[in-house]
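Remarks on the overall topology
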Amino acid sequence: NAGVTQTPKFRILKIGQSMTLQCTQDMNHNYMYWYRQDPGMGLKLIYYSVGAGITDKGEVPNGYNVSRSTTEDFPLRLELAAPSQTSVYFCAGGQGNTGELFFGEGSRLTVL
Amino acid sequence: GENVEQHPSTLSVQEGDSAVIKCTYSDSASNYFPWYKQELGKRPQLIIDIRSNVGEKKDQRIAVTLNKTAKHFSLHITETQPEDSAVYFCAGWSGSARQLTFGSGTQLTVLP
């Protein structure tokens, strides 16, 4: 199993551009999450999903959108990128009933 | 929602000494408390966890204790080694909220 896979690993955007961070998992996780981690800071929840077709906002959802059309994929969309969205983004998956999460390797995004 | 506070934010110990990191949580419904280790530029990795029906759990040099009444839990690392240097995050899982809320992290430095 590959686990939780994120692409791209690095990306530089200009202000106002849009992009999608991809996240896919092959561990049959029903719960999936997107966190952002600013330099020297903790993990803040952006969006999460408890199953295909279901998404909910986390602590910092503004400027982002997600979809969950399949169990395996949970893409994060950034519309009109802003410098404040410069961060490392982590996707994570879990079974939900245990609380244990498995993280992807992260995507480092810089908005200039 | 859940609020997890973590102390200290930085901790330096001599190699071979013990390190203790403490966390408190607010949601009495939280029932799962994992600890993650994050090395520089890497993803958070689960190192130990504890459920609310257990008071203590050990895994070699690492132990976690939980006091449900006081709503606090702690990570203990004995015989610290330079490779233990990393950022450690505590977290609390609320099954009802279906979210894992992270503490702000502790930068542990083990001095040779």
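We now turn to the structure provided with this report. (Residues numbered from 1 in each chain as written. Chains lettered and ligands numbered in written order. Predicted model: local features only at pLDDT ≥ 70, side-chain atom pairs only at ≥ 80, totals over all residues. Heavy atoms only, no water.)

1. Points about the interface of chain A and chain B
At the junction of the two partners, chain A supplies 22 residues and chain B supplies 17 residues. Buried area between chain A and chain B, both sides added, is near 1600 Å², and the carbon and sulfur share of it is 53%. For the chain A face of the interface with chain B, the top three residues by lost area are Leu43, Gly99 and Phe103 of chain A, together amounting to 27%. For the pair chain A and chain B, the number of links is 2 salt bridges. Between Glu105 of chain A and Arg43 of chain B there is a salt bridge whose closest N-O contact spans 3.2 Å. Remark: the boundary between chain A and chain B carries 7 residue pairs in polar contact (both at pLDDT 80 or more). (Contact = heavy atoms within 4.5 Å. Buried area = accessible area lost by both parts, 1.4 Å probe. Salt bridge = Lys/Arg side-chain N within 4 Å of Asp/Glu carboxyl O. Polar contact = N/O pair within 3.5 Å; in protein donor to acceptor, adjacent residues only side chain to side chain.)

2. Notes on the packing of aromatic side chains
Summed over all chains, the structure comprises 16 aromatic pairs over all chains. Here the aromatic cluster, defined as three or more aromatic residues joined through ring pairs, consists of Tyr31, Tyr33, Tyr35, Tyr48, Phe90 and Phe103 of chain A together with Tyr36, Phe89, Trp93 and Phe102 of chain B. A cation over an aromatic ring shows up here: Arg68 of chain A above the ring of Phe74 of chain A, its NZ or CZ 5.9 Å from the ring centre. (Phe/Tyr/Trp six-rings, centres within 6.5 Å; stacked < 30°, edge-to-face > 60°. Lys NZ or Arg CZ within 6 Å of the ring centre and 35° of its normal.)

3. Things to note about the sheet that holds strand E7 (residues 64–66) of chain A
Residues and elements named next belong to chain A. Strands sit in the order E1-E3-E8-E7 across an open sheet of 4 strands; the sheet is antiparallel. Edge strands, defined here as strands with exactly one partner in the open sheet, are strand E1 (4–7) and E7. In this sheet, neighbouring strand axes are inclined to one another by 20° on average, regardless of whether the strands run parallel or antiparallel. As defined by bridge partners, E7 adjoins strand E8 (residues 76–78) across 3 bridges and the pair is classed as antiparallel. (Pairing = 2+ DSSP bridges. Helix = DSSP H or I, 4+ residues; strand = E, 2+ residues; numbered from the N terminus. Axes fitted to C-alpha atoms, helices over the stretch in contact; angles between N-to-C directions.)

4. Description of the sheet that holds strand E3 (residues 19–25) of chain B
All names here are of chain B. Spatially, 5 strands are ordered E1-E3-E8-E7-E6 in an open sheet, and the strand pairing comes out antiparallel. Across the chains shown, the open sheet's two edge strands, defined by having one partner strand only, are strand E1 (4–7) and strand E6 (56–59). Averaged over all neighbouring strand pairs, the angle between strand axes comes to 15°, with direction disregarded. Note that E3 and strand E8 (residues 72–77) share 6 bridges and pair antiparallel. Within E8, the position partnered with Cys23 by the bridge is Phe73.

It is worth stressing that arrangement in space is one thing and function is another; only the former is reported here.
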